[in-house]
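Coordinate inspection notes
Okay, here's what each chain looks like letter by letter:
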Amino acid sequence: MCNIGGISAQDTEVEMEDILEKNEIEGISRLFLIHSPLGLPEMQSYKSLNFSTEIKIVEEYRAEIVNTLADKMPSPQDPFPLEEIPGTLDQRYLNPSPKIESENPRISALAQEILSKLDQPNAKEVVFEVLRWNRSHLIWGNPNDVPSAIESLDTRTVNCIGFTHLPAAILRQLGIPARTVRTFIARPDQNRLIPHYLLEVYYPSLDGWITYEPQGPGMPFIENIVLYTHYDWDIEGQRNFRWLARDLNKTVLGGIDPSIENPDLSPPELLDIAFDPPHFDPKEGHKNVQVTIIAKDENTGIEEIRMDMQSPNYAGPGKTLLFSLDKGNAKEGVFKAPLGWNLQTENIANEYRVTRLRMTDSLGNIREYQLRNLEDMDLATGVTLARWPAVDKFMPEPVYISPFFPERVPAAPDGLHYTFFYAVSKTQSEASGGISTIMDFVHQDGVQVRANGLGNFRVGDYYFAFNTLQYVPPHHPYGRYQMNSLYLRGPNNLSYNILPRNFNQEIMDYGFELVKDVPLYSGPVQIESILMITDEEDYFTSNRGVILIEASGGIKPLNDKPRDTEPAFRVFFETLDGEKLGTRRSICNRRFGSHHLLFRPNGPRDTPVRVERIELDDKEGNTKVFYRKDFQDKILKTIPEYITLD
């Protein structure tokens, strides 16, 4: 696959409910406003049978756009094969092209395979079957690639371009006109325009095109601002529009019902900003800095002010401030927030600057200021820090790596392979903060996989990092992957790196095995093991601990991530004196593979608590309840005996 001129496709995966068979759809219109100081390219209104983009106002730096989604999915009545395709239709939508290789023998064979599953279908049923096959075969990823239909068929891991090119090739092979639709996904909440591709199919009975989101598959998002249609990948069009998505000064507003009379499209305005004191020195007793903002929004009032700050000479974590109203009102007032410090910043940084200031009004309009904007306005941009040598020179040290859960990782149908383990490291550094943990694993064929820490907490000198592998494509070879390197970076920025030549045999034995033909769990739900990492044995006094449950049975499909709105797994607590805490519970907030469930205690508390009961739902929605007596013997020893927590 290739990346032409550094132009990529999209950087956000699109997930939608399959609504191909639904007739009634919530018809909706939305108003968006785009403003860019670099100017806007020429944009034209667009309309298909179920989707439209109306350019209401276009100025050099500003565009007002109304998107409309049909309230019904169109119902074409075309036989298959298609008849009476008008001669005026652009024949390029039926013929092969460089990225849509519809006459390739593999595409032809695939089209016939999909067609063989249908019994005397009409054209609509053929399109639906192709889109559903496409959604089940492809996996979202590789946002910077420009895959053709054949490359998408081979790799299966594609972005929105691959999701569009492959079904377009299959449909053209079957004699059904198909084309690509270039869009932006407008995200006012993120002040972003995300480049995205859709698919359109022509139906002679309707004499028009129906727009599909091939990742759904179904209707496109209302946020898709259509730029143009094309018969293939359009390099020149990408160059003309891609830069707009990268313009950090651009403003994206709206998501408003255009039927609202005189809707507010004016974002909040910054009037002044101050830091008191402007210099931080703990020797002078400066424990924090008061940050004051004066701002206004004359229409609907300011809803939220959020400021991100970062040290220019330190790549570690920054700080985020949320402001509260101090004087005046939401339409024009004084907003304040405290800015605190820690030793990690003091050791390394000599200043802290605003990287982004975002203000949102009550109707969702957003105005974002960056450092250069504040400088242009001649406003304060941050504070300076007293600088002195690091308080210590202690390097982080590895202590323990847990077994893998599971060690034999099944090759999932969707290509997502997860294994899970935790690592314990140690630092005597007085700087606050944790330890970055990165591990690499290598297959005998030389294929490498990386594991990053995804959750962590520190207790005394010890630091616990929960790790999972990065995405493993389905074409990775089966077999054992051995640990190949271990990298730790401490809170004072000192690092510890173990390369393969430094590994002893014990550490080299750490690894996992990628296997195939392993059946998914089925049968009744059970608890296999419970790992509790706490600062006190067997009970929790804060929310720093972690509970990891390894389950078995048919709880959910592989790699199904739980949603907070539909909790399927719950842990309930009781106090040590036996008093029940029926309302104190934790919900699974992270999942590894299919059956490893991660909980964090619901704290902090005044009274120590321990786990009283656990509820796990199976894939049919039935709840299995486990009480303390049921899982007491399943609780594992958390860490080796030679580790003593301070």
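Residues numbered from 1 in each chain as written. Predicted model: local features only at pLDDT ≥ 70, side-chain atom pairs only at ≥ 80, totals over all residues. Heavy atoms only, no water.

1. A few points about the overall build of the protein chain
What the protein chain contains, in helices and strands, is 9 helices and 38 strands. The 646 residues of the protein chain split such that 52% are buried. In the protein chain, of all internal contacts separated by at least 6 residues, the share reaching a separation of at least 24 is 70%. In the structure as shown, the protein chain presents an accessible area of about 29300 Å², 46% of it carried by carbon and sulfur atoms. (Helix = DSSP H or I, 4+ residues; strand = E, 2+ residues; numbered from the N terminus. Buried < 20%, exposed > 50% of the residue type's maximum accessible area, 1.4 Å probe, protein only. Contact = heavy atoms within 4.5 Å. Areas by Shrake-Rupley, 256 points an atom, 1.4 Å probe, with all protein chains shown as cover.)

2. What to know about the packing of helix H1 (residues 105-115) against helix H2 (residues 123-137)
When two helices pack together, their arrangement is given by the angle between the helix axes and the distance between those axes. Contact geometry of H1 with H2 gives a least axis separation of 10 Å together with a crossing angle of 115°. With respect to H2, the axis of H1 lies roughly perpendicular. For the element pair H1 and H2, the recorded crossing hand is right-handed. Across the interface between the two elements, Leu110, Ile114 and Leu115 from H1 touch Val126, Glu129, Val130 and Trp133 from H2. (Axes fitted to C-alpha atoms, helices over the stretch in contact; angles between N-to-C directions. Parallel < 35°, antiparallel > 145°, perpendicular 65-115°, else oblique. Left-handed = near helix turned anticlockwise from the far one by under 90°.)

3. Brief notes about the confidence of the model for the protein chain
Per-residue pLDDT for the protein chain has a mean of 81; in total, 83% of the residues score no lower than 70. When the criterion is pLDDT under 50, residues 1-7 qualifies, and its contacts beyond four places in sequence or with other chains add up to 23 contacts. Of the regions scoring below 50 in pLDDT, residues 640-646 engages in 17 contacts with residues more than four places distant in sequence or in other chains. (pLDDT = per-residue confidence, 0-100.)

4. Points about the sheet that holds strand E8 (residues 192-203)
Ordered by their spatial adjacency, 4 strands build an open sheet running E9-E8-E7-E10, and the pairing between neighbours is antiparallel. If you trace the sheet from one side to the other, it starts and ends with strand E9 (208-212) and strand E10 (224-230), each paired once. Going across the sheet, the axis of each strand differs from the next one's by a mean of 35°, ignoring polarity. Two elements, E8 and E9, share 5 bridges in a ladder whose sense is antiparallel. Its bridge partner being in E9, Tyr202 is matched across the sheet by Trp209. Here H2 sits on the sheet and contacts E8 and E9; the angle it forms with E8, its principal contact strand, is near 145°. Along the sheet, helix H5 (residues 235-246) makes contact with strand E7 (178-187), E8 and E10, crossing E7 at roughly 15°. (Pairing = 2+ DSSP bridges.)

5. Brief notes about the sheet that holds strand E4 (residues 62-69)
The strand order across the open sheet built from 5 strands is E2-E3-E4-E1-E11, with neighbouring strands paired in antiparallel fashion. The open sheet has two edge strands with one neighbour each: strand E2 (46-47) and strand E11 (251-256). Sheet analysis places strand E3 (residues 51-58) next to E4, joined by 7 bridges and oriented antiparallel. Bridge pairing in E4 places Ser52 opposite Thr68.

6. So, the nonpolar core
Membership of the largest hydrophobic core comes to 49 residues, with the highest contact counts inside it found for Val127, Leu166, Ile170, Leu171, Leu174, Ile176 and Tyr212. Put simply, the parts of the chain that give this core at least two residues each are H1, H2, helix H3 (149-155), helix H4 (160-173), E7, E8 and E9. For this core, the element with the highest residue contribution is H2, accounting for 7 residues. Apart from the residues lying within four places of it in its own chain, the contact partners of Ile176 are Phe80, Leu82, Tyr93, Leu94, Ala123, Val126, Val127, Leu171, Val201 and Tyr202. Ranked by size, the runner-up nonpolar core spans 26 residues in total, among them Phe275, Met307, Tyr352 and Leu385. (Core = buried A, V, L, I, M, F, W, Y, C linked by side-chain atoms within 4.5 Å.)

7. Quick look at the side chain of Arg179
Positionally, Arg179 belongs in strand E7. At 2.9 Å, the side chain of Arg179 and the side chain of Glu200 are in polar contact. (Polar contact = N/O pair within 3.5 Å; in protein donor to acceptor, adjacent residues only side chain to side chain.)

8. Quick notes on the packing of H1 against H4
Here H1 crosses H4 at 80°, and the two axes come no closer than 9 Å. By the angle class used here, H1 and H4 are roughly perpendicular. Here H1 contributes Ile107, Ser108, Leu110, Ala111 and Ile114 to the contact with H4, which in turn contributes Leu166, Ala169, Ile170 and Gln173. Here the contact of H1 with H4 is built from residues that sort into 7 nonpolar, 2 polar and no charged. (Nonpolar A, V, L, I, M, F, W, Y, C, P; charged D, E, K, R; others polar.)

9. Thoughts on H4
Taking 1.5 Å per residue, 14 residues should reach 20 Å; H4 reaches 20 Å between its end C-alpha atoms and fits that length. Most of H4 is tucked away: 13 of the 14 residues are buried. Capping of H4 at its N-terminal end is provided by Asn159; its side-chain oxygen lies 3.0 Å from the backbone amide nitrogen of Ile161. Where H4 ends, the next residue or the one after it, Gly175, has phi of about 80°, a positive value. (Expected span 1.5 Å × (residues − 1).)

10. Details of unusual backbone geometry
Put simply, Phe80 and Pro81 share a cis peptide bond, and its omega is 0°. Mapped onto the elements of the fold, Pro81 is located in the loop between E4 and H1. In this structure, the amide linkage connecting Gly216 to the following residue, Pro217, adopts the cis form with an omega of -5°. Looking at where Pro217 falls in the secondary structure, it is placed in the loop between E9 and E10. A positive phi angle, near 50°, is found at Asp207, a position not held by glycine.

11. Concerning the packing of aromatic side chains
What the rule picks out here adds up to 7 aromatic pairs. Centroid distance Tyr228 to Phe241: 5.8 Å. Interplanar angle 45°. Geometry classified as tilted. Of this pair, Tyr228 sits in strand E10 while Phe241 sits in helix H5, and the two are 13 residues apart along the sequence. Take Tyr228 and Phe241: they sit in the same class, and that class is buried. Three or more aromatic residues link up through ring pairs in this structure, and these residues are Tyr93, Tyr202 and Trp209. The lysine or arginine in question, Arg179, covers the ring of Tyr93, its NZ or CZ lying 5.5 Å from the ring centre. (Phe/Tyr/Trp six-rings, centres within 6.5 Å; stacked < 30°, edge-to-face > 60°. Lys NZ or Arg CZ within 6 Å of the ring centre and 35° of its normal.)

12. What to know about H1
Buried within H1 are the following residues: Ile107, Leu110, Ala111, Ile114 and Leu115. For H1, the angular spread of buried residues about the axis comes to 135°, placing them on one side. Summarising the contacts, the buried residues of H1 are in contact with H2, H3 and H4. (Arc of directions from axis to C-beta.)

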